[in-house]
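One letter stands for each residue in the lines below.
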Amino acid sequence: MEKLEKKDLQKISGGGIGIGLLIGAGIIFLIGVIDGYMRPLKCN
C-alpha cells in the first residue's frame, strides 16, 4: 500500500453524491414531520 502525500490527497475528488443524498433525505424527513404534525392520522 502506498502512502499518499497531502498534495495527492487534495487531487482526489468525489463524495458529492453522498452529500446530496444526505441533504435530500433530511428535507424529505422534515416534510414528513411537518405533514404529520399538521394532519395527524391514526394507525390502523
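As the structure is a computational prediction, the values presented were derived from the model and not from experiment.

The rules behind each value
Counting starts from 1 at the beginning of each chain's written sequence and moves along it residue by residue. Residue-level local features of this predicted model are given only where pLDDT is at least 70; pairs of side-chain atoms are given and counted only at 80 or more, and the full residue set underlies all totals for whole chains, interfaces and linings. Heavy atoms throughout the structure, all of them, feed into the side-chain values; hydrogens and water do not. Only DSSP runs of H or I with at least four residues qualify as helices, and only runs of E with at least two residues qualify as strands; both kinds are numbered from the N terminus onward. Categorising residues by exposure relies on relative accessible area from a 1.4 Å probe, with only protein chains included: less than 20% of the type maximum marks a residue as buried, more than 50% marks it as exposed, and the intermediate range marks it as partly exposed. Residues scored as positive are Lys and Arg, those scored as negative are Asp and Glu, and His as well as the terminal groups of each chain are ignored. Note on charges: their place is set at NZ of Lys, CZ of Arg, CG of Asp or CD of Glu. Expected helix span is given by 1.5 Å per residue-to-residue step, counting one fewer step than there are residues. Salt bridges are counted wherever a side-chain nitrogen of Lys or Arg sits within 4 Å of a carboxyl oxygen of Asp or Glu. Patch rule: a residue counts if its relative accessible area is over 30% and it has no salt bridge; like charges are joined within 9 Å, and nonpolar side chains (Val, Leu, Ile, Met, Phe, Trp, Tyr) within 5 Å. Residue-level accessible areas treat just the shown protein chains as cover; the underlying method is Shrake-Rupley with a 1.4 Å probe.

**Remarks on the overall build of the protein chain**
Along the backbone of the protein chain there are 2 helices and 0 strands. Projecting the C-alpha coordinates of the protein chain onto the three principal axes gives extents of approximately 60 × 20 × 10 Å. The 44 residues of the protein chain split such that 0% are buried. Distance from the positive charge centre (6 side chains) to the negative charge centre (4 side chains) of the protein chain: 9 Å.

**Regarding helix α2 (residues 16–38)**
With 23 residues, α2 should reach 33 Å at 1.5 Å per residue; the first-to-last C-alpha distance of 33 Å fits that figure. Across the 23 residues of α2, 0 count as buried, placing the element largely on the outside.

**Looking at the pattern of salt bridges**
In the structure shown here, the tally under the stated rule is 1 salt bridge. Between R39 and D35 there is a salt bridge whose closest N-O contact spans 2.8 Å.

**With respect to a nonpolar patch on the surface**
Residues I19, I23, I27 and I31 make up a contiguous nonpolar surface patch of roughly 410 Å² in combined accessible area. Structurally, the position occupied by I19 is in helix α2. Residue classification places I19 among the exposed positions, given a relative accessible area of 54%.

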